[in-house]
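# Geometric and topological summary
Residues per chain, in single letters:
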Amino acid sequence: MADITLDAVTKRFGDTTAVDAVTLTIDDGEVLGVVGPSGCGKTTTLRTVAGFETPDEGRVLFGEEDVTHVPPERRHAGLVFQSYALFDNMTVRENVEFGPKMQGVPADERRERATGLLDLLGIADLADRDPQTLSGGQQQRVGVARALAIRPRVLLLDEPMTGLDARLKRRLRDELGELLDDLGVTALYVTHDQEEAMVMCDRVAVMNGGSVEQVGTPREIYESPATEFVADFVSLEPVDLPFVTR
Ligand code: ATP
């Protein structure tokens, strides 16, 4: 996978500056969290990386390649959205094989990839099920398998835990965090839940009003917040982090 760069990206909608001169790098194999309150520009940032939004100013780079004007289907980004429903008219396996099929990957290889990913995610026994018969957590894993099946250059996750109950969320958070680590996936992880980001991500960018207030490791953000906003945001609730003792 390549490293991803947003270089002074600005995106406006009418009078609203959703993303304001944001510069961020996601290193190869890194999971970068983007956190902040509702409306701060997280999703727009992610959509700019995916190619669903074109910046008014600035550039998006995948490795050395300037993809600012490259359409989404040519960026090979894997998407995991809470609202990105699975295809109901296909089995789990067909869902996972769909992306590679569209890319023209031969049937044998598609099958092999899907089998490997379903195994990896611990859902091999669900391969022939219809998605609507699965639990929220199971659907989420299928969503991740489907996104990874295209061998994405970057994995983009937008609030993938929304709608899951708190216990399942905690378990999946740990599992998904480990999985992304093990796979060495380059990922952008958008969430309004600072604890989720702190636990899952290598580094975290805290956004406020379209701007990035601070980027750093969870420990840096937590122990040395750069601004009052960051301090307030990360201390909203007691956090269960390995380095925090209360
Ligand atoms: P949330 O956590 O609520 O999803 P967010 O941090 O992801 O919020 P964005 O969805 O990126 O925030 O929105 C940033 C700002 O841009 C908001 O003020 C929003 O209303 C505005 N915005 C986003 N998309 C559009 C659009 N298509 N048209 C007009 N305004 C938009």
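Quick summary incoming for the structure in this document.

Calculation notes
- Residues numbered from 1 in each chain as written.
- Predicted model: local features only at pLDDT ≥ 70, side-chain atom pairs only at ≥ 80, totals over all residues.
- Heavy atoms only, no water.
- Helix = DSSP H or I, 4+ residues; strand = E, 2+ residues; numbered from the N terminus.
- Rg over C-alpha atoms; globule rule 2.2 N^0.38 Å.
- Contact = heavy atoms within 4.5 Å.
- Lys, Arg positive; Asp, Glu negative; His and termini not counted.
- Charge placed at Lys NZ, Arg CZ, Asp CG, Glu CD.
- Pairing = 2+ DSSP bridges.
- Axes fitted to C-alpha atoms, helices over the stretch in contact; angles between N-to-C directions.
- Near = heavy atom within 4 Å.
- Polar contact = N/O pair within 3.5 Å; in protein donor to acceptor, adjacent residues only side chain to side chain.
- Areas by Shrake-Rupley, 256 points an atom, 1.4 Å probe, with all protein chains shown as cover.
- Salt bridge = Lys/Arg side-chain N within 4 Å of Asp/Glu carboxyl O.
- Buried < 20%, exposed > 50% of the residue type's maximum accessible area, 1.4 Å probe, protein only.
- Phe/Tyr/Trp six-rings, centres within 6.5 Å; stacked < 30°, edge-to-face > 60°.

### Description of the overall build of the chain
Helix and strand content of the chain: eight helices and ten strands. Radius of gyration (C-alpha) of the chain: 18 Å, near the 18 Å computed for a compact globule of 246 residues. The principal-axis extent of the C-alpha atoms belonging to the chain is close to 50 × 45 × 30 Å. Across the chain, the fraction of contacts at a sequence separation of at least 24, relative to all contacts at a separation of at least 6, is 66%. Here the chain carries 25 positive and 43 negative side-chain charges, and the mean point of each set is 5 Å from the other.

### Some thoughts on the sheet that holds strand β5 (residues 65-66)
Pairing within the open sheet is antiparallel, and its four strands lie in the order β2-β1-β4-β5. Of all the strands in the sheet, the pair left with one neighbour each is β2 (16-26) and β5. Pairing analysis gives two bridges linking strand β4 (residues 57-62) to β5, with the strands arranged antiparallel. Note that in β5 the partner of Phe-62 across the bridge is Glu-65. Sheet strands touched by helix α1 (residues 42-50): β1 (4-13), β2 and β4. Its angle to β1, the strand with the most contacts, is close to 120 degrees.

### Description of the site of the ligand
The environment of the ligand is made up of Phe-13, Thr-16, Ala-18, Pro-37, Ser-38, Gly-39, Cys-40, Gly-41, Lys-42, Thr-43 and Thr-44. Within the side chain of Lys-42, one N or O atom sits 2.8 Å away from an oxygen atom of the ligand. At 2.8 Å, a side-chain N or O of Thr-43 approaches an oxygen atom of the ligand. Taken by itself the ligand offers 640 Å² of open surface, and the protein chains cover 57% of this. Of all the secondary structure elements, the ones that give two or more residues to the shell around the ligand are β2 and α1.

### Considerations on the pattern of salt bridges
Tallied over the full model, the rule gives 13 salt bridges. The salt bridge partner of Arg-113 is Glu-109, with a shortest N-O separation of 3.0 Å. Within this pair, Arg-113 and its partner Glu-109 are both found in helix α3 (residues 107-120), separated by four residues, close to a single helical turn. Taking relative accessible area as the criterion, Glu-109 reaches 33% and is therefore assigned partly exposed. Ionic pairing is found between Glu-195 and Arg-173, a salt bridge with its closest N-O pair at 3.3 Å. Of this pair, Glu-195 sits in helix α6 (residues 194-200) while Arg-173 is found in helix α5 (residues 166-183), placing the two residues 22 residues apart along the sequence.

### Topic: the packing of aromatic side chains
Under the counting rule described, the total for this entry stands at two aromatic pairs. Measuring from centroid to centroid gives 6.1 Å for Phe-229 and Phe-233, while their planes differ by 10 degrees, and the two rings are stacked. Taken as a pair, Phe-229 and Phe-233 lie in helix α8 (residues 228-234) at a separation of four residues, close to a single helical turn. Given a relative accessible area of 7%, Phe-233 falls into the buried group.

It is worth stressing that arrangement in space is one thing and function is another; only the former is reported here.
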